[in-house]
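Architecture at a glance
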Amino acid sequence: MDTSGYESFSFTNSRSVNVALGSPDRAFPPHRHAYGEIILAGKGKKNIYRINDSLYSLKEGDILLIWPMELHEIIDADRMNSTLIQYNNSLADSLFDFKRIVNLYHGLHVIRQADHPELIHKLQEEIMKMDKVFFDGKKNNETRCALHLLKFILVLDEHHNELEEDISSDKSKNISENALWNIISVMDYIKNNLTADDLSQTAMAKKAGINKDYFSRVFKEVTGIGYSKWLNIVRVEKTISLLPEERLSLTEIAMLSGFKSIPSFNRVFSEYEKISPSDYRRRIRENHTSSPAVINKA
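These lines cover the structure that appears in this document, whether it is placed above or below. Quantities reported herein were computed from a predicted structural model and do not represent experimental measurements.

We now examine the environment of arginine 26. Relative to the assigned elements, arginine 26 resides in the loop between β1 (17-19) and β2 (28-31). With a relative accessible area of 35%, arginine 26 lands in the partly exposed category. Residues arginine 26 and aspartate 76 lie 50 residues apart in sequence; the distance between their C-alpha atoms is 5.1 Å. In contact with arginine 26, other than residues within four places in its own chain, are Lys46, Ile74, Ile75, Asp76, Ala77, Asp78 and Arg79. Polar side-chain contacts of arginine 26 include one of 3.2 Å to the backbone oxygen of lysine 46.

With that out of the way, let us pick up the packing of helix α9 (residues 227-242) against helix α11 (residues 262-273). Packing of α9 against α11 brings their axes to within 10 Å, and their N-to-C directions diverge by 95°. Looking at the two axes, α9 sits roughly perpendicular to α11. In this structure, α9 uses Lys229, Asn232, Ile233, Val236, Thr239 and Ile240 to contact α11, whose residues at the interface are Phe265, Val268, Phe269, Tyr272 and Glu273.

Right, let's talk about unusual backbone geometry for a bit. For asparagine 52, which is not glycine, the phi dihedral falls at a positive 55°. Locating asparagine 52 in the fold gives a position in the loop between β4 (47-51) and β5 (54-57). Its identity as a non-glycine residue notwithstanding, lysine 274 has a phi of 60°, on the positive side. Structurally, lysine 274 is set in the loop between α11 and α12 (277-290). Residue class for lysine 274 comes out exposed when judged on its relative accessible area of 67%.

As a further point, take α11. In this model α11 runs 16 Å from its N-terminal to its C-terminal C-alpha over 12 residues, within 8% of the 16 Å that 1.5 Å per residue would give. Within α11, the full set of buried residues consists of Phe265, Val268, Phe269, Tyr272 and Glu273. All buried residues of α11 lie within an arc of 110° about the axis, which places them on one face of the element. Those residues of α11 that are exposed and aimed more than 90 degrees away from the buried face are Pro263 and Arg267. Two or three places before serine 264, at the start of α11, stands the capping residue serine 261, its side-chain oxygen 3.2 Å from that residue's backbone nitrogen. Just past α11, the residue lysine 274 takes up positive phi, approximately 60°.

What counts, and where the lines are drawn
Residues numbered from 1 in each chain as written. Predicted model: local features only at pLDDT ≥ 70, side-chain atom pairs only at ≥ 80, totals over all residues. Heavy atoms only, no water. Helix = DSSP H or I, 4+ residues; strand = E, 2+ residues; numbered from the N terminus. Buried < 20%, exposed > 50% of the residue type's maximum accessible area, 1.4 Å probe, protein only. Contact = heavy atoms within 4.5 Å. Polar contact = N/O pair within 3.5 Å; in protein donor to acceptor, adjacent residues only side chain to side chain. Axes fitted to C-alpha atoms, helices over the stretch in contact; angles between N-to-C directions. Parallel < 35°, antiparallel > 145°, perpendicular 65-115°, else oblique. Expected span 1.5 Å × (residues − 1). Arc of directions from axis to C-beta.

Shown next as structure tokens:
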């Protein structure tokens, strides 16, 4: 689990779902990680975030959605009274419905209490249940958190018609479920075969059964980015998941993540994470030795 870029919050290790402790720091620089985030805004007068190139100002009770590997920044926010949930991207990838919803809502970043009071109430309930369950110290709290996360995602999808204007205003994709299935199938293949000899766009279009130009257009509609950039992000995401494994050398990690050379590995990783793979691994070690094994919210 990546513990180096978690916005100064404290997290336990190796969780599919994490709930953050508060931080007095009101800002954190641009970063990205393989975890998706759900933020319930606190009561402070300012809650300003940036996702990609857009600024979002939240009021108490508003919900911010940051999808896996999105570039985001905390400009000025009340982080002591906010609730932050993070979920592992592999959890989202394990269910087609979850992947479908993530892709459908990928352009939606803010749900405002003033505009959607009933929906916000339902979503807040699931967030607070995750928060309570995560810290209750009882058996199977990770699984119980995951159940509430899935309920959160289901509630979101049940209100699709209500959110349609918000989604369209954020330029969300409009794509058939069949086309979505073809693209997601290819995405799954790539994630499970990063060491394959040929992951070119041409080869993946052939695997999807469509021509290269159409594949390129639909792929960008589904993911919001071009194929090459997405592939690099997936390789970086794989690298992040492997860096805590001390038995693996950086060269082995580079090869397992699909990089063909060490210079390419270092260049791409540093471009997306703003830090070298070796320094990133060093941070993980430092955080692991300094972080408590059990976190008590009290």
